[in-house]
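Commentary on secondary and tertiary structure
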Amino acid sequence: MSVRRRVVLNTWDRLIIPLPFGHGAMIWGNPIAVPRDAEGATLAALKTQLEEELNRVSAEADAIAGQRS
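These figures come from a predicted structure and were not determined experimentally. (Residues numbered from 1 in each chain as written. Predicted model: local features only at pLDDT ≥ 70, side-chain atom pairs only at ≥ 80, totals over all residues. Heavy atoms only, no water.)

Take unusual backbone geometry next. The backbone of Arg14 sits at a positive phi, close to 55°, despite the residue not being glycine. Tracing the backbone shows Arg14 in the loop between β2 (6-8) and β3 (16-18). Even without glycine at this site, Phe21 takes up a positive phi of about 65°. Mapping Phe21 onto the fold places it in the loop between β3 and β4 (24-25). The exposure class of Phe21 is exposed, given its relative accessible area of 79%. (Helix = DSSP H or I, 4+ residues; strand = E, 2+ residues; numbered from the N terminus. Buried < 20%, exposed > 50% of the residue type's maximum accessible area, 1.4 Å probe, protein only.)

On the surface, Val7, Leu9, Leu15, Ile17 and Leu19 cluster together into a nonpolar patch covering about 350 Å² of accessible area. With relative accessibility at 37%, the residue Val7 sits in the partly exposed group. (Patch = residues over 30% accessible without salt bridge, like charges linked within 9 Å, V, L, I, M, F, W, Y side chains within 5 Å. Areas by Shrake-Rupley, 256 points an atom, 1.4 Å probe, with all protein chains shown as cover. Salt bridge = Lys/Arg side-chain N within 4 Å of Asp/Glu carboxyl O.)

Enumeration according to the criterion identifies three salt bridges in this entry. For Asp62, the salt bridge goes to Arg6, with nearest N and O atoms at 3.9 Å. Of this pair, Asp62 sits in helix α1 (residues 40-65) while Arg6 is found in strand β2, placing the two residues 56 residues apart along the sequence. Measuring nitrogen to oxygen at the nearest pair gives 3.0 Å for the salt bridge that ties Arg56 to Glu60. Of the two residues, Arg56 and Glu60 both sit in helix α1, four residues apart, roughly one turn of that helix. The exposure class of Glu60 is partly exposed, given its relative accessible area of 33%. Each of the salt bridges in this network shares a partner with another, and the network as a whole consists of Glu53, Arg56 and Glu60.

Attention now goes to α1. In a regular helix each residue adds 1.5 Å, so 26 residues correspond to 38 Å; α1 covers 38 Å between its end C-alpha atoms and thus fits that length. Within α1, burial applies to Leu46, Val57, Ala61, Asp62 and Ala65. Looking one or two residues beyond α1, the residue adopting positive phi is Gly66, at roughly 90°. (Expected span 1.5 Å × (residues − 1).)

Quick look at the structure:
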């Protein structure tokens, strides 16, 4: 999610508070299935895949909302 008019808090997660009358975008990607018996290298690969997907959809939402990454 990203919005054009916003306040970004200086917290660990950089919480975004939308301001009134702004435009925004909410983007989501495909689900990432994690097998119940996943361990070690499989979990590491899925973690990397999740991080890359979160970065991708965040950048896409920022671009649509008019924010610089």
